[in-house]
Amino acid sequence: MALLGVKVIELAGLAPAPFCGMILADFGAKVIRVDRTKVFSTLDTQARGKRSVALNLKMPEGVALLRRLCVQSDVVLEPYRKGVMEKLGLGPSELLSENPRLIYARLTGYGQSGCYASAAGHDINYLAMSGLLSQLGRSGEKPYAPLNLVADFAGGGLTCALGIVLALLERTRSGKGQIIDASMVEGAAFTGSFLWKSRRLGIWSRPRGENLLDSGAPFYDTYKTLDGKYLAVGAIETEFYDQLLKGLELDAGELPPQMSFSDWPELKQLFTERFASKTQADWLMIFDGTDACVTPVLSFDQVSSHPHNRERGSFMKDSSGEEFPRPAPILSRTPAEPCLASGPAVGEHTVEVLLDYGYTSAEIDEMLAAGVVQCNTGKAKL
Ligand SMILES: C[C@H](CCC[C@@H](C)[C@H]1CC[C@H]2[C@@H]3[C@H](O)C[C@@H]4C[C@H](O)CC[C@]4(C)[C@H]3C[C@H](O)[C@]12C)C(=O)SCCNC(=O)CCNC(=O)[C@H](O)C(C)(C)COP(=O)(O)OP(=O)(O)OC[C@H]1O[C@@H](n2cnc3c(N)ncnc32)[C@H](O)[C@@H]1OP(=O)(O)O
């Protein structure tokens, strides 16, 4: 696997950092999640392939232990509010002076500077601050956050993973680690670069929900079918739009031009009525094999059995039979090999990891007795 041999210390966080760690683990890195002590269950659903150490960072011995783990690691990933790591004596200046090859990834909402840097927040706040949220939503409605996908995951976890891989690559030339300041506001905004750069084309100049790709255009939206299911339509280019009209049995000559914004509401009404006249299966019979860009809106229960996804093996099952998306993208020689076992219980691997990192059994027993670390062998997870 591409990241074989890379050792990562991930300090337990909410959603973006666990995702980042899971990406690295899927592609072969050895990831250790550092959990708190006196916590017996975890809601971390993105712990695949990781080991867990439960460690009390409020004790100096716990801090010393984490420093020792970082000396022998390639990456430390921290998801805390600005200043938390420094307060613990675990800031970049300490850790990088002890291990100059360390990649110190800081995944926060607002970044390490600026007047919001220390403020609490969640995906919706970061999305709002990126400018993107103002563009999302249907006409006449308030802005709508598409789950926590954009800031937490695309702009946060995934972007941070890219930063880590770039820093690892650069380190092969310089031999030096560096600090990654991954702000979810900036990661989300960067993900939205297309919107920024295409503004002057005039395709976003109308109010929210009335533009080309934001559900304003009749040929780029979802439609309900006779049986209460949905279809996604993305027929932007003229040649594909023509095929859409053909499938809908509409005559282009009797309709306003495709790009006549002012006629879109009327066209959308017409499309809505047409799509509501047949079942989803009927429409798929009509459109499958054409370039009309019409696909079913699949539920989580349906995705893996759709012939296309099934043929590519796009979804996998873990050892408990639960489905999950195969890690993407596919590398031809060194693809990801996600662990199929369930994620670790809090502190499940404390002893194993400390032995790996050179602690003796006597030292570990002493730390267990003092409450510096905790080992939980049971699989207490919700
Ligand atoms: C929208 C998403 C979040 C979605 C996540 C949801 C899936 C879950 C969120 C809440 C959950 C529910 C809730 O818990 C209630 C129920 C509980 C029940 O058990 C289950 C059902 C629940 C309904 C439960 C269900 C789900 O799990 C939830 C709904 C996001 O946007 S995530 C992105 C968030 N933002 C960031 O990550 C940006 C960077 N981080 C921050 O800004 C802050 O960390 C944050 C997130 C604002 C939290 O601030 P907080 O004040 O809590 O922490 P920090 O200031 O960062 O300080 C950390 C302190 O912890 C100490 N510490 C850390 N490790 C250790 C250790 N090993 N030992 C000892 N101490 C430790 C550290 O020293 C800091 O201490 P101080 O405060 O003293 O400095």
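Located above this text is the structure these notes cover.
Residues numbered from 1 in each chain as written. Predicted model: local features only at pLDDT ≥ 70, side-chain atom pairs only at ≥ 80, totals over all residues. Heavy atoms only, no water.

Asker: Which residues make up the environment of D301, and what values do they have?
Answerer: Locating D301 in the fold gives a position in helix α12 (residues 300-303). Distance from D301 to T45, taken between C-alpha atoms, is 18 Å for residues 256 residues apart in sequence. (Helix = DSSP H or I, 4+ residues; strand = E, 2+ residues; numbered from the N terminus.)

Asker: Any details on the sheet that holds strand β8 (residues 230-234)? Residues and values, ideally.
Answerer: The three strands lie next to each other as β7-β8-β9, forming an open sheet whose pairing is antiparallel. The outermost strands of the open sheet, each flanked by one partner alone, are β7 (220-224) and β9 (294-296). Between one strand axis and the next, the sheet turns through 25° on average, direction left out of account. Across three bridges, the pairing between β8 and β9 is antiparallel. Along β9, the bridge assignment pairs L231 with P296. (Pairing = 2+ DSSP bridges. Axes fitted to C-alpha atoms, helices over the stretch in contact; angles between N-to-C directions.)

Asker: Which residues make up the pattern of salt bridges, and what values go with them?
Answerer: Tallying each qualifying case throughout the model produces 14 salt bridges. For K50, the salt bridge identified is with E10, shortest N-O distance 2.8 Å. Taken together, the residues span a long stretch of sequence, with K50 in the loop between β2 (30-35) and β3 (51-55) and E10 in strand β1 (residues 7-11) at a distance of 40 residues. Both residues of the pair, K50 and E10, count as buried. Close ionic contact of E78 with R106 constitutes a salt bridge, the shortest N to O distance being 2.7 Å. Of the two residues, E78 is situated in strand β4 (residues 75-78) and R106 in strand β5 (residues 103-108); the sequence distance between them amounts to 28 residues. Take E78: its relative accessible area is 1%, and that puts it in the buried class. Overall, R106 belongs to the buried group, its relative accessible area being 4%. Through salt bridges that share partners, R33, D35 and D44 make up one connected network. (Salt bridge = Lys/Arg side-chain N within 4 Å of Asp/Glu carboxyl O. Buried < 20%, exposed > 50% of the residue type's maximum accessible area, 1.4 Å probe, protein only.)

Asker: How would you sum up the site of the ligand? Please name residues and give values.
Answerer: Residues in contact with the ligand amount to 26 residues; listed here are only the nearest, R36, L55, R81, D123 and D152. The contact in question runs from a nitrogen atom of the ligand to an N or O atom on the backbone of P79, over 3.0 Å. In this structure, an oxygen atom belonging to the ligand sits 2.9 Å away from a side-chain N or O atom of K87. For the ligand, the accessible surface in isolation is 1,500 Å², of which the surrounding protein chains cover 60%. Broken down by secondary-structure element, the contributors of at least two residues to the shell around the ligand are α3 (84-87), β5 and α5 (123-130). Tallied by class, the residues present in the shell around the ligand amount to 13 nonpolar, six polar and seven charged. (Near = heavy atom within 4 Å. Polar contact = N/O pair within 3.5 Å; in protein donor to acceptor, adjacent residues only side chain to side chain. Areas by Shrake-Rupley, 256 points an atom, 1.4 Å probe, with all protein chains shown as cover. Nonpolar A, V, L, I, M, F, W, Y, C, P; charged D, E, K, R; others polar.)

Asker: Give a detailed account of the sheet that holds strand β6 (residues 178-183), specifying residues and quantitative values.
Answerer: Here seven strands make up an open sheet; going across it, the order is β6-β5-β4-β1-β2-β3-β12 and the pairing mixed. Looking at which strands have only one partner, the edges of the open sheet turn out to be β6 and β12 (373-374). With four bridges joining them, β2 and β3 adopt parallel strand pairing. Looking across to β3, one finds that I32 is bridged to R51. Here helix α2 (residues 60-71) sits on the sheet and contacts β1, β2, β3, β4 and β12; the angle it forms with β1, its principal contact strand, is near 150°. Across the sheet, helix α7 (residues 184-191) is in contact with β5 and β6; its angle to β6 comes to roughly 70°. (Contact = heavy atoms within 4.5 Å.)

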